[in-house]
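Chain by chain, the residues run as shown.
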Amino acid sequence: MMLRSRLLNLQIPSVISASQFRRSSTPSLLSVRYPLSHSTIRNSHQHASASMTRNSSVSDTEKTSRTVLFVPPGVEPNEVNDDMILPGSNIVIGPYAGDSKIKEVEFVKSSGRAKDCPKDNRPEFAILGRSNVGKSSLINALVRKKEVALTSKKPGKTQLINHFLVNKSWYIVDLPGYGFAKASEAARMDWSSFTKGYFMNRDTLVAVMLLIDASVPPQKIDLDCANWLGRNDVPITFVFTKCDKMKVGKGKRPDENMRDFQELIRQNYRQYPPWIMTSSVTGLGRDELLLHMSQLRNYWDQ
Ligand SMILES: Nc1nc2c(ncn2[C@@H]2O[C@H](COP(=O)(O)OP(=O)(O)OP(=O)(O)O)[C@@H](O)[C@H]2O)c(=O)[nH]1
Ligand SMILES: [Mg+2]
């Protein structure tokens, strides 16, 4: 329980977007709906706003863009400058960011139930998202090994909770995808009870990396999942995948789909989570995501 409340503190200063939203007019953050009910989140938001108004030289536009950044523990919102923001993200890097190199990775086990997962209290990041969104590919790109996590063109490849131990000190967890259209109703129900059990009971979970396919328009099932995690105080980072995929013809570009998704989510979050653009094909966002994970992990670890 103590660990979980520390995680909640981590989520505190997170709010929406970076550059895209600088250009658009952002509604007052206080006028939006809040599925995140935890009182510490409200308090910290007041704290963040208060510290920003102290600096009267900051323009309204700048103030707005700063409230939509993910400002990690150890950083005052009014201290943030552009050099501290990771490219292709809204993530500010703070004093907890550290060595993010992956030196070794080993597969530890597959578990059919949350209670069968490793019990050694090491911090972990869960990789979650729709079937075929690129979870296993992202893991392979992060650890720079082709076949650590099995990938497939066919959705539904990953069926169990798979733990990978990194540098003998923390875990990356590959989860089964949700929303596999061809799965039976019973299989879909199974997915939700099994994975929800994992999120609710896993005290060593530092954050969920919620993968969103940027090559397609926002999907209801992803919005529902993000809202469910938010309501249950599970810290998340939105990881947009397949940002290399350029649409031939009428479809929108990845950055446009991403902006549409963020606009929809923004209506439900007062403190918008961190987000980052990635591609497992080009390596876009890989080093940045690892650095972000290092600051979450080091804060959790202290
Ligand atoms: N262009 C492009 N394709 C990708 C990217 N990431 C994954 N893919 C492709 O998307 C398909 C699904 O990738 P997986 O990594 O197996 O997806 P998954 O989310 O693990 O799928 P399940 O285990 O079935 O839930 C594969 O054909 C990958 O090659 C990416 O960044 N860019
Ligand atoms: Mg997979």
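By convention here, each chain's residues receive numbers from 1 onward along its written sequence. Key to labels: chains lettered from A, ligands numbered from 1, both in the order written. In keeping with the model being predicted, local features are shown solely for residues with a pLDDT of at least 70 and side-chain atom pairs are shown and tallied solely at 80 or more, while totals for entire chains, interfaces and linings include all residues. The basis for the side-chain values is all heavy atoms of the structure; hydrogens and waters are excluded.

## Here's the deal with the sheet that holds strand E7 (residues 275-277)
Thought 1: Between any two strands, at least two bridges found by DSSP are needed for them to pair. Helix and strand definitions follow DSSP, with helices as H or I runs of at least four residues and strands as E runs of at least two, each counted in order from the N terminus. Reading across the sheet, the seven strands line up as E1-E3-E4-E2-E5-E6-E7 and stay open at both edges, with mixed pairing between neighbours. Two strands in the sheet have a free side with no partner beyond their single neighbour: strand E1 (105-111) and E7. In this sheet, adjacent strand axes meet at a mean angle of 25° when their direction is disregarded.
Thought 2: The pairing of strand E2 (residues 124-129) with strand E5 (residues 205-213) spans six bridges and is classified as parallel. Residue Phe-125 lies in a different strand from E5, and its bridge partner there is Ala-207.
Thought 3: Should any heavy atoms of two residues lie within 4.5 Å, those residues are counted as being in contact. Inter-axis angles, ranging from 0 to 180 degrees, are taken between N-to-C directions of lines fitted to C-alpha atoms, where helices are fitted over the stretch in contact. Here helix H8 (residues 254-266) sits on the sheet in contact with E5, strand E6 (236-241) and E7, set at roughly 155° to E6.

## As for the confidence of the model for the protein chain
Thought 1: The quantity known as pLDDT measures the predictor's confidence residue by residue, on a range of 0 to 100. The predicted model of the protein chain averages 75 in pLDDT, with 68% of residues at 70 or higher.
Thought 2: Here helix H2 (residues 19-23) is the element of the protein chain with the lowest mean pLDDT, 25, and E6 is the one with the highest, 97.
Thought 3: Here the predicted complex scores 0.78 on pTM and 0.98 on ipTM.

## Description of the state of the cysteines
Thought 1: In what follows, a disulfide is any cysteine sulfur pair within 2.5 Å. Under the defined criterion, the tally for this structure stands at zero disulfides.
Thought 2: The closest cysteine sulfur to the non-disulfide-bonded Cys-225 is located on Cys-117, 17 Å from its own sulfur.

## Looking at the side chain of Ser-111
Thought 1: Along the chain, Ser-111 turns up in strand E1.
Thought 2: Taking relative accessible area as the criterion, Ser-111 reaches 1% and is therefore assigned buried.
Thought 3: Among residues more than four places away in sequence, those in contact with Ser-111 are Asp-116, Cys-117, Leu-160, Ile-161 and Phe-194. Whether a residue is buried, partly exposed or exposed follows from its accessible area with a 1.4 Å probe, protein chains only, as a fraction of its type maximum: under 20%, in between, or over 50%, in that order.

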